[in-house]
Amino acid sequence: MKKYTCPMHSQILKDEPGKCPLCGMALVPFGIHEKHDYSHHHHGDDPQSANLHDKHEGHQTHDFLQRFWISLIITVPILALSHMIQKWLGFSLEFPGDKYVLFALGTLIYLYGGMPFLKGMIGEVKAKAIGMMTLVAIAISVAYFYSTAVVFGLQGMDFFWELATLIVIMLLGHWLEMRSQMAASKALQTLVALLPNEVTVERDGEAYRIRLDELVNNDIVIIKPGEKIPADGDVIEGLSYVNESMLTGESVPVKKETKARVIAGSINGDGALKIRAKGVGKDTYLNKVINLVQDAQAAKSNTQNLADKVAKWLTFIAIGVGVGTFAYWYSVNGDLAFAMERMVTVMVIACPHALGVAIPLVVAISTTLSATNGLLIRNRTAFEMTRNLTTIIFDKTGTLTEGSHAVQRIIALDNFSEDEIIQYASAVQQNSEHHIAKGMINLLKEKELQLWKSENFQYMQGIGVKGKVNGKEVVAAGPNYFTENKMDIPAMPPEIDQDTETVNYVFIDGKVIGIITLADRIREGSKEAIDKLKEMGIKSFLLTGDNEKIAASVSNKLGMDGFLANVLPHHKQEKVKEYQAKGEIVAMTGDGVNDAPALARADVGIAVGSGTDVAAETADIILVNSDPRDVAIMIDFGKRTYRKMTQNLIWAVGYNVIAIPLAAGVLYPNFLLSPAVGAVLMSVSTIVVAINASLLKIK
C-alpha cells in the first residue's frame, strides 16, 4: 500500500493521496512508493511506465524554488523604491505614484510568494497544530496590511521591503529544508533488475522461452550457466554453485544440487540447473525483503521538527504580546498610529529571519560538506541521532571485509617458486568465473606476472578446473579432487586455518606442486574504525550469515565487542530489534539486499557505497568511499552539526526574548525600538546564524 506525506509536515503519513490537513499542500509519495508484484513488471516493454508514479515527485520542492526566484526578482525594485533602504544607502528614487507602484509590487509578492504560508496557516489553524507556517503568515500579513494602510493615508513608514525580504528568506529556508527531507527511496523498484526479462521453462518435454510475468508456481525452469534465477524454487536436476551474495550476504557461492532451495535474484554459476518454481512474483523472497523494508521505514517516520515546536510557542507569544501591546498603547494615549506601529513591530520581530534558516542552513551546509567528504545524508533526523548511538552492528561481507576472496598464502612444494605456482594456477583458472579464479588472477596482476596461455580447459563441477599449460597437464582443485580420484589428501600445513580459508591445490602431471589458500580479506581501515568507536564508548558487533568460527575470527582480529553468526537474512532486522529492546540506540552498517530491512529498522542505517542500490537507498547515510573509518567521522560530524543547530535555535529565539519586549515599548519613553531598528536587528540575527552555520566548514 502506498504511503503519502506532506513536504512541509513530515509527521503526516496517510494511506491515500490528498491534501495535508495542516497546510493544505498536496501529499506526495512517502519513501518507497508501492509494494509491487514484480511478477507483472515486464521491464523493457514500456520505458515510460517505470516512471509514471514518480513524475510528480519533487514538484512541491520545485514550486518553492520557483517562488523563491520570482519573489527575489520582485524584491529588487521593492528595495529600490523603499525610502528606508534609500536612506540607508544614500540615494533617492522618487516619482509621482511611486508609492502605488510599491503597493502593487508588495501585493504581488504577498499573494504569490506568501501563498504557501497563508495556505499553511489556514491548515494549521484548522488542525489546531500551530507552527512555523502560521508564524510566517501572521508576520507577512501584518506587515502587508499595515504597509497598505500607510500607502493610503495612515501615518507611519511602510514595511514592504521587510515583507519582501521576509518572504524571500522564508521561501529559501523552506526550500532548503524540503530538499534535505525529500530523498524519496526509488531503488527498491530497481530490484527487479535482479530478475531476468525472460525465462526458459520445460512444458510437455519441450523447452520454451516465456516472459517473466507468465511464469507460474510448479513450472519447471531451466537455468543455464551465468543466468539469473527468476523465482524461488527447489532444484530437481543438476549441480552448480550459485552466487547469493546480493541477497544473503554469504561471501562464498553456495553449492546447489537436487532438493536444494534457490532464491530469485541470485546468479547461477558454471553448472546448469532445473528447478521447480515454488515462489514467483510477490511470493519471492525478494519481494518479502521489499515489504520488510517498507514496514520498517514507515515505523520510524513520525518525526517532529524542533523548529516547528519553537515556532508554535513563538506564534502564541507573538499574537498575545502583539494584541496586548496594541490594546495597552491605544488605551493609554488613544494614538491609533502609534499603537499600530508598536503591534506591527512586535509581529514582524516575532518572526525572525534567523528562525526560518537556523536549521535548514546548517542542514544544507552539513549535507554539502558531508557529500564532499564521502558521506551522503539521506535522512536528517537519523543523522542528528548519531550523537546518541550506543551500539553499531556491522554486516561482515562487503562492509568490514572486502566481499571478494583474496589469496592469503601460497605454499610452494617440489622446488617450484610461489610465482610459478600462481602463474600455473592463474593460467588454468583464467577461463573460469569462479570467485577462486578471480582471486588468483587479481594476485597475478598485483605481482605483474605474465598470464600464460592454457588449452583444453575443462571445468570439473564442484571440484575444480584443469587444462594444458606450457605442455603440462595442470589441475587447480579443492579437496574434493582427492576424493573423486581416490587419493590421499596431503597433510595440511599448520599455518593454514581451514575454518576461515578456502584451500586450493595445484597439480602438474598428477603431482601436487603447491597449495593456495584464499579468504575474504578484512577491509583496510576496519580495525581503526572499531578502535575509534571504542574511544567514543560505542559498542560494536559483527553480524554475518557465516559460521561461528569465521565470525569469531574476524571479530577477534578487529577487537569487536561480540558477534552474531549463522544469522539468516530475514532475521537480521530481528537482531537489531533485540538490541533496541534493551534500550540501545542502534546503527546498522551493511551493503547487501539482505541488509535492507535491518538498515531500515535501525535507528540509523548506514550503507557502504560499494554495496547494492537497495541497501544504499534504504539507509539513512551512505559511505561513498566504503571506508569503515567514515562511520566514526560521521558520528563526530553529527555531534558538531547538532551543536550548530542548537546554537542557532538558541540565538534565533534568544533574540526574540530581548527584542519583543523592547518592540512592545517596555522601556518607553527612555528607549523605543523602532520598526526600522527592529528590522536591522533581525537582519543581524540572520547574519549571525549564517556565520555560525558556516563555522561547520572549519576542521
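Calculation criteria
- Residues numbered from 1 in each chain as written.
- Predicted model: local features only at pLDDT ≥ 70, side-chain atom pairs only at ≥ 80, totals over all residues.
- Heavy atoms only, no water.
- Helix = DSSP H or I, 4+ residues; strand = E, 2+ residues; numbered from the N terminus.
- Buried < 20%, exposed > 50% of the residue type's maximum accessible area, 1.4 Å probe, protein only.
- Contact = heavy atoms within 4.5 Å.
- Areas by Shrake-Rupley, 256 points an atom, 1.4 Å probe, with all protein chains shown as cover.
- Salt bridge = Lys/Arg side-chain N within 4 Å of Asp/Glu carboxyl O.
- Pairing = 2+ DSSP bridges.
- Axes fitted to C-alpha atoms, helices over the stretch in contact; angles between N-to-C directions.
- Expected span 1.5 Å × (residues − 1).
- Lys, Arg positive; Asp, Glu negative; His and termini not counted.
- UniProt positions renumbered as here; feature names shortened; annotations may be inferred.
- Patch = residues over 30% accessible without salt bridge, like charges linked within 9 Å, V, L, I, M, F, W, Y side chains within 5 Å.
- Parallel < 35°, antiparallel > 145°, perpendicular 65-115°, else oblique.
- Left-handed = near helix turned anticlockwise from the far one by under 90°.
- Nonpolar A, V, L, I, M, F, W, Y, C, P; charged D, E, K, R; others polar.
- Phe/Tyr/Trp six-rings, centres within 6.5 Å; stacked < 30°, edge-to-face > 60°.
- Lys NZ or Arg CZ within 6 Å of the ring centre and 35° of its normal.
- pLDDT = per-residue confidence, 0-100.
- Arc of directions from axis to C-beta.

Q: Mind showing me how you'd approach the overall build of the chain here?
A: When you go through the chain residue by residue, the secondary structure sums to 23 helices and 25 strands. Counting only residues that meet the buried cut, the chain has 54% of its 699 residues in that class. Across the chain, contacts joining residues at least 24 apart in sequence account for 67% of those joining residues at least 6 apart. Accessible surface, the chain: about 30,200 Å² in total, of which carbon and sulfur atoms supply 55%.

Q: Just to check I follow, could you spell out the pattern of salt bridges for this structure?
A: Here the idea is simple: oppositely charged side chains can pair when their charged atoms come close. All chains considered together, the criterion is met by 17 salt bridges. Between Lys 274 and Glu 237 there is a salt bridge whose closest N-O contact spans 3.9 Å. Placement of Lys 274 in strand 12 (residues 273-279) and of Glu 237 in strand 7 (residues 232-238) is noted, with a sequence separation of 37 residues between them. The salt bridge partner of Lys 527 is Asp 531, with a shortest N-O separation of 3.1 Å. A residue pair is termed a helical-turn pair when its members lie 3 or 4 positions apart in one helix, as Lys 527 and Asp 531 do in helix 17 (residues 526-535) at 4 residues. Classification of Lys 527 by relative accessible area gives partly exposed; the value is 38%. By relative accessible area, Asp 531 is classed as partly exposed at 30%. One salt-bridge network, held together by shared partners, links Glu 528, Lys 532, Asp 627 and Arg 629.

Q: Just to check I follow, could you spell out the sheet that holds strand 14 (residues 391-395) for this structure?
A: By way of backbone hydrogen bonds, the strands of a sheet pair with one another, either parallel or antiparallel. The sheet built from 7 strands is open, its strands ordered 13-25-24-23-14-21-22 with mixed pairing. The open sheet is flanked by strand 13 (375-377) and strand 22 (562-564), the only strands paired with a single partner. Shown here is a sheet whose adjacent strand axes are inclined to one another by a mean of 20°, direction ignored.

Q: Looking at this structure, how should I read helix 14 (residues 418-429)?
A: Residues spaced three or four apart along an α-helix face the same direction, because each turn holds 3.6 residues. For helix 14, built from 12 residues, the straight-helix expectation of 16 Å at 1.5 Å per residue is met to within 8% by its first-to-last C-alpha distance of 16 Å. By the criterion of burial, helix 14 is predominantly enclosed, with 9 of the 12 residues buried. All of the buried residues in helix 14 are Ile 421, Ile 422, Gln 423, Tyr 424, Ala 425, Ser 426, Ala 427, Val 428 and Gln 429.

Q: Please clarify how the side chain of Lys 644 should be interpreted in this entry.
A: Take Lys 644: it is sitting in helix 22 (residues 629-664). Buried charge without a salt bridge: Lys 644, with Asp 636 as the nearest opposite-charge side chain at an N-O distance of 12 Å.

Q: What exactly am I supposed to notice about the pairing of strand 23 (residues 586-590) here?
A: Looking along a regular strand, one sees the side chains alternate between the two faces of the sheet. Within strand 23, 5 of the 5 residues are buried, leaving the element largely enclosed by the surrounding structure. Side chains Val 586, Met 588 and Gly 590 project from strand 23 onto one buried face, and the interleaved Ala 587 and Thr 589 project onto a second face that is buried too. When strand 14 meets strand 23, the two strands line up parallel, connected through 4 bridges. In the sheet register, Phe 394 faces strand 23, and the bridge partner there is Thr 589.

Q: Just checking my understanding: could you explain the UniProt feature "transmembrane region" (unreviewed entry) in the chain for this structure?
A: As recorded in UniProt, the sites labelled "transmembrane region" (unreviewed entry) are residues 68-85, 100-118, 130-153, 159-176, 310-331, 343-371, 649-668 and 674-696. Annotation note: span residues 100-118, helix share 89%, strand share 0%, distance between end C-alpha atoms 23 Å.

Q: Sorry if this is basic, but what is going on with the pairing of strand 24 (residues 604-608) here?
A: Extensive coverage of strand 24 is indicated by the burial of 5 of its 5 residues. Here strand 24 shows no split at all, with Val 604, Ile 606 and Val 608 on one side and Gly 605 and Ala 607 on the other all buried. Pairing of strand 23 with strand 24, which is carried by 4 bridges, proceeds in the parallel orientation. Residue pairing in the sheet places Ala 587 in a bridge with Val 604 of strand 24. Note that strand 24 and strand 25 (residues 621-623) share 3 bridges and pair parallel. Across the sheet, Ile 606 pairs through a bridge with Ile 621, a residue of strand 25.

Q: Help me understand a nonpolar patch on the surface, please; the structure alone is not making it clear to me.
A: A cluster of nonpolar side chains, contributed by Trp 88, Leu 89, Phe 91, Leu 93, Phe 95 and Val 101, occupies part of the molecular surface with about 540 Å² of accessible area. Structurally, Phe 95 is set in the loop between helix 2 (83-89) and helix 3 (98-112).

Q: Can you walk me through the packing of helix 14 against helix 15 (residues 435-446) in this structure?
A: Put simply, helix 14 and helix 15 touch, their axes get as near as 9 Å, and they point 130° apart. As summarised for this structure, helix 14 and helix 15 are arranged oblique, according to the angle between their axes. In this structure, helix 14 crosses over helix 15, and the sense of that crossing is left-handed. Contact with helix 14, carried on its side by Ile 422, Gln 423, Ala 425, Ser 426 and Gln 429, involves Ile 436, Ala 437, Met 440, Ile 441, Leu 443 and Leu 444 of helix 15 and no other residues of that element. In terms of residue class, the contact of helix 14 with helix 15 is built from 8 nonpolar, 3 polar and no charged.

Q: Looking at this model, I keep getting lost on the sheet that holds strand 4 (residues 198-203). Mind explaining?
A: What the 6 strands build is an open sheet, ordered 5-4-6-12-7-10; its pairing is antiparallel. The outermost strands of the open sheet, each flanked by one partner alone, are strand 5 (206-211) and strand 10 (261-262). Where strand 7 and strand 10 come together, 2 bridges link them in antiparallel fashion. Each bridged residue has a counterpart across the sheet, and for Asp 234 the counterpart in strand 10 is Arg 261.

Q: Looking at this structure, how should I read the packing of aromatic side chains?
A: When we look at a pair of aromatic rings, we describe it by the centre distance and by the angle of the planes. Applying the stated rule across the entire model yields 22 aromatic pairs. Consider the rings of Tyr 328 and Trp 329, whose centres lie 5.0 Å apart with planes at 75°: the pair is edge-to-face. Ring geometry for Phe 416 against Tyr 424: centres 6.3 Å apart, planes inclined by 80°, an arrangement best described as edge-to-face. In this structure Tyr 424 comes out as buried when scored by relative accessible area, which is 5%. In this structure an aromatic cluster arises from ring pairing among Tyr 100, Phe 103, Tyr 110, Tyr 144, Phe 145, Phe 152 and Phe 160. Over the ring of Tyr 579 we find Lys 582, and its NZ or CZ is 4.8 Å from the ring centre.

Q: Honestly, the confidence of the model for the chain in this entry has me stumped. Any pointers?
A: Close reading of the predicted structure is inappropriate where its pLDDT is low. Of all residues in the chain, 77% attain a pLDDT of 70 or more, and the chain-wide mean is 78. Here residues 30-59 is modelled with pLDDT under 50, and outside its nearest four sequence neighbours on either side it reaches 65 contacts, counting other chains as well.

Q: Which parts of the structure should I look at to understand helix 19 (residues 572-581)?
A: For helix 19, the complete set of buried residues consists of Lys 572, Gln 573, Val 576 and Tyr 579. Taken around the axis of helix 19, the buried residues stretch over an arc of 115°, which confines them to a single face. Positive phi shows up at Gly 583, right after helix 19, with a value of about 95°.

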